[in-house]
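Examining the three-dimensional arrangement
These are the residues of each chain, in order.
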Amino acid sequence: MDLELTDDQQLYLETTVRFIESELPVARTRALHDDPRGYDEKWLRKTAELGWFAMLVPEEHGGGSVSGHGILDAAIVAEALGRYVQPGPFIPMNVVAAAIAEHGTSEQQASILPGIVAGEVVVTWAPLDVDGQWDLGRGLVAEVDGDEVVLTGVRGFVQDAQSADHLLVTASCDGEPLQLLVPAGAAHITPLTCLDLTRRMAEVTFDHARVPSATRLASDVRDALERQEQVAVALCCAETIGALDTMFSMTVAYSKDRVAFGRPIGSFQSLKHVMADVSYYLECCKAAAVEAARAVDSRSSDAAEVTTMAASYIAEHATEIAQQSLQVHGGIGYTWEHDLHLYMRRTRTNSTLYGEPALHRERLCEVHGL
Amino acid sequence: MTDPNRDLDSYREQARTWLEANLPLRRSGAALRAAHDISPGELAEARARQKTVYEAGYLGITLPVEYGGQGLTNAHQRIWNEESAAYEVPMPGGIASGVTLGIVLPTILTHSSEEQKRSWIPRMLSGDEIWVQLLSEPGAGSDLAGLLTRATRDGDVWILNGTKVWSSGAMVADFGVCLARTDWDAPKHRGLTWFKVPLHDERVTVRPIREISGSSEFCEEFLDDVMVGDDMVIGDVDGGWPIANTMLAVERGGGAHAQPVGGGPPRQSRLAPDLVELATRRGVAHNAAVRQLIARAHTEDWVQVALARRLMTAMMQGTLDPSAASYIKLGQGIVQPERAAAAMEIAGRTAIAWKRGGSPAETAAVNYLNGRIMSIAGGSNQIQRNIISERLLGLPREPSDDKNKPFRDVLRDAKQWGSS
């Protein structure tokens, strides 16, 4: 995706791809489609050894990344995950790890970050309401009672809640948002059926659940949430790029192999021009994803604007790219056995996961004061 | 050895001082003047101003000293681009000066003889000579290699006859680089040769074309027995096609390493200002559908800058096929018509009728008429899609009816195409 990787980053990419190809190639991910947690715990710990959950964590808590640019290095992994439709909580784990590292209390950092880095503690992110809206915690009411907080309400579309040890939930107390890192055991977890067969999501319900006040995150919640959303969008865009790139490579290869009317179908201008357009939009998506990762990594002053533009652009064109890829494949792409639908499911899910294009466009206008 | 960073800092300081003292600030919203609207007096005055920039050493910054350049680095060029962005840098011939310095000069630099480069390039840089392209013909646009202008050998000279068209800014230019057929028995791509042609010659007629919007930027030229010597041949006789490919790649953004002026398009930091103004004037800036159009256009503008940055960097480092410039060209060809349509939608009735005197809505209407320039000129969207699919994706080439036979037979067979 990024045409300007350092030598170390290039090596890290190659190591990552080799690991995935030997541990969990696409064919083997199919065996996990009916698995309730969606991934193997031992596999998760192996990925942790490759540093998958260390990149946004400071060194004092066992973290660190290849280039020192955590988001850029994490984007390399995210892209590879998309390329091989990998399962697991990579994005929400990293969002929460970064949130604890940047906004958590020192006790939270010391007690949880090393476990996340080692892949022994699974954390996930729960900022959405039951309808999938960013509600600033309105759907989950928190009441302070002594040194405890009582939670009542719902968090929707929580990734990998089924296997999580802790949930970073957004709640509200007297109309003001707050974030708490609560044990998953405090909630009732209802699994959802996902469009993406390799992903797990659940609805999380709290019914007068009591958690210690010490589970609250320290800093200003609006700033913290903004940063979390930016990290999530940057990594999600990179993952989508990996999936789109694979889907498109499959499409070009198929059009060279498949013969009709005495010619490879890829020699027909009607299909060549479709693929040229897809290739153009894919290059644009890559450029947008790289800009988003760089803006978030460098904490550029326009990071909110850049991530919102990348999110809406990639989401809009990912759907078109997926549909045109299926069109070129024709009937074969319509079968369960073909891998194409795995990628269609992944890219479409990613397009909506952290905000819908129309909402991102409206947000862009608001960021500019229109 | 001097510290390179200190050298660059002092270069920036010098450039800044020189700009303040010598050039006026750019007026906001000032567009490049249409070549047709430039009077002879204005042209002469602007050429003199270009000469002062050249003599101060700020044109041809990265070009070799023997060609009139300064022999400095891309970093120096970037500094000049940044510092001069706010100033009215003279472009005497409007778009024709852009063609001279941005397209013709880099092509000459790659393909001309040493003697030609020493003699011609300094005159382009100084503003003494404005050059344009004589490429397309009434019967040869996308299929450029199908051109019919002929150059015939007569003793020591070449005699050129034919019609060229869509030459931007030729009415203010001094010379044209002209692609003509020199061998009619060779296959179409192998019988073409480049010539330098004097446009002030009495056997050349330059006629501005009145365009869709009513104004004139493009011209057509009639060449009637124009005589030029061997010193006016660029590259090898019958070896013109590879040079044409260089020129087209430069035009699409792929050869920008040799470009002595300008840089990539700067990122627009304000939200699509033209569209916001249209919406605000009509009081529709709160309409949700209008806001979607504005946000989408601003995002597309941003993506185009990001795409150019991504590809230009890799092309300059030589790690990416120069054909990737077609992505940038196709992007403009897709986005500009969409953007023109969005402006019309936001402007509504204010862009179908207006009072005299100019308004953003009138500009939107003109842009609507001009909206497909980039999807046609310099290689249409369809040509870019062929380049992307064949050269970058490796898809099979179009079956050819004309590639491998003598061009004479191509003309004959085309008349009977489909009848057998």
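Along each chain, numbering runs from 1 in the same order as the chain's sequence is written. All chains are assigned letters beginning at A, and all ligands numbers beginning at 1, according to the order in which they are written. Totals for whole chains, interfaces and linings use all residues, but because this is a predicted model, local features are given only for residues with pLDDT of at least 70 and pairs of side-chain atoms are given and counted only at 80 or more.

Structural notes on the overall build of chain A
Summing up its helical and strand segments, chain A has 11 helices and 9 strands in all. Each of the 370 residues in chain A was classed as buried or not, and the buried ones make up 56%. Under the scheme used here, helices are H or I runs from DSSP no shorter than 4 residues and strands are E runs no shorter than 2 residues, and both carry numbers assigned from the N terminus. Exposure classes come from backbone-placed C-beta atoms, where a residue is buried if 20 or more other C-beta atoms lie within 10 Å of its own, exposed if 12 or fewer do, and partly exposed in between.

Regarding unusual backbone geometry
Residues and elements named next belong to chain A. Non-glycine residue Leu 136 carries a positive phi angle of around 50°. If you trace the backbone, Leu 136 turns up in the loop between strand S1 (123–126) and strand S2 (140–145). With phi around 50°, Arg 299 is a residue other than glycine that occupies positive phi space.

Section: the interface of chain A and chain B
We call two residues in contact when their backbone-placed C-beta atoms lie within 7 Å. Counting residues at the interface gives 33 residues for chain A, matched by 29 residues for chain B. Contributing elements (two or more residues each) for the side of chain A that touches chain B: helix H7 (221–257), helix H8 (269–297), helix H9 (303–329) and helix H11 (357–367) of chain A. With 15 residues, the single largest contributor to the side of chain A that touches chain B is H8(A). As a working rule, the residues Ala, Val, Leu, Ile, Met, Phe, Trp, Tyr, Cys and Pro are called nonpolar, Asp, Glu, Lys and Arg charged, and the rest polar, with Gly in that last group. In terms of residue class, the side of chain A that touches chain B is made up of 16 nonpolar, 8 polar and 9 charged.

Considerations on the pairing of strand S7 (residues 201–212) of chain A
All names here are of chain A. Strand pairing follows a simple DSSP-based rule, namely that at least 2 bridges must link the two strands. Where strand S3 (residues 148–159) lies against S7, 9 bridges are found, and the strand directions are antiparallel. If you follow Val 158 over to S7, its bridge partner there is Ala 202. In the sheet, strand S6 (residues 188–192) pairs with S7 via 5 bridges, with the strands oriented antiparallel. What sits directly across from His 188, in S7, is Thr 205.

Structural notes on the nonpolar core
Counting 228 residues, the largest nonpolar core has Ala288(A) and Ala289(A) as the members making the most contacts within it. Once residues within four sequence positions are removed from consideration, Ala289(A) is found in contact with Met1(A), Cys237(A), Ala238(A), Ile241(A), Ala310(A) and Ile314(A). Structurally, a nonpolar core is described as a collection of buried Ala, Val, Leu, Ile, Met, Phe, Trp, Tyr and Cys residues joined by way of C-beta atoms within 7 Å.

Here's the deal with the pairing of S2(A)
Put simply, side chains in a regular strand alternate between the two faces of the sheet. Residues and elements named next belong to chain A. By the bridge criterion, 6 bridges tie S2 to S3 in an arrangement that is antiparallel. When the bridges of S3 are listed, Ala 142 appears paired with Leu 151. Linking S2 to S3, which pair antiparallel, is a turn of 2 residues; within it Gly 146 sits at a positive phi near 65°.

Examining the packing of helix H8 (residues 288–316) of chain B against helix H9 (residues 325–347) of chain B
Residue and element names in this part refer to chain B. The axes used here are C-alpha line fits, helices contributing only the stretch in contact, and every angle between their N-to-C directions lies in the interval 0 to 180 degrees. Interhelical geometry of H8 versus H9 gives an angle of 165° and a closest axis separation of 10 Å. The orientation of H8 relative to H9 falls into the category roughly antiparallel. Seen along the crossing, H8 lies across H9 with a hand that is left-handed. Where H8 approaches H9, its residues Val 290, Leu 293, Ala 297, Glu 300, Gln 304, Leu 307, Ala 308, Leu 311 and Met 315 are matched on the opposing element by Ala 325, Tyr 327, Ile 328, Gly 331, Val 335, Glu 338, Arg 339, Ala 342, Glu 345 and Ile 346. In the contact of H8 with H9, the residues fall into 13 nonpolar, 2 polar and 4 charged. An angle below 35 degrees is treated as roughly parallel, one above 145 as roughly antiparallel, one from 65 to 115 as roughly perpendicular, and anything else as oblique. Note on convention: near helix rotated counterclockwise from far helix by under a right angle means a left-handed crossing. Clockwise means right-handed.

Quick notes on the packing of helix H4 (residues 70–83) of chain A against H8(A)
Residue and element names in this part refer to chain A. Relative to each other, H4 and H8 sit at 145°, their axes nearing to 8 Å. Across from Gly 70, Ile 71, Leu 72 and Ala 75 in H4, the residues of H8 making contact are Ala 293, Val 296 and Asp 297. Split by residue class, the contact of H4 with H8 holds 5 nonpolar, 1 polar and 1 charged.

A closer look at the environment of Leu140(A)
Looking at where Leu140(A) falls in the secondary structure, it is placed in strand S2. The contact partners of Leu140(A), leaving out residues within four places of it in the chain, are Leu151(A), Gly153(A), Val154(A), Arg155(A), Val169(A), Ala171(A), Ser172(A) and Phe206(A).

A word on the environment of Val274(A)
Residue and element names in this part refer to chain A. Position of Val 274 relative to the elements: it lies in helix H8. Overall, Val 274 belongs to the partly exposed group, with 19 C-beta atoms counted inside 10 Å. Sequence separation between Val 274 and Gln 324 is 50 residues; the distance between their C-alpha atoms is 7.4 Å. If we ignore the near neighbours within four places in the chain, the residues touching Val 274 are Gln 324 and Val 328.

Examining H8(A)
Along an α-helix, residues three or four positions apart point the same way, because every turn accommodates 3.6 residues. Residues and elements named next belong to chain A. Here the expected length of a helix is defined as 1.5 Å per residue gap, with one fewer gap than residues. Here H8 spans 41 Å end to end across 29 residues, near enough to the 42 Å set by a 1.5 Å rise per residue. In terms of burial, H8 is largely enclosed, as 24 of its 29 residues are buried. In the segment just after H8, Arg 299 is the residue with positive phi, at about 50°.

A look at the environment of Gln228(A)
Residues and elements named next belong to chain A. The residue Gln 228 is located in helix H7 in this model. Accessibility expressed as a C-beta count within 10 Å gives 23 for Gln 228, which makes it buried. Leaving out residues up to four positions away in the same chain, Gln 228 has contacts with Val 95, Ala 99 and Trp 125.

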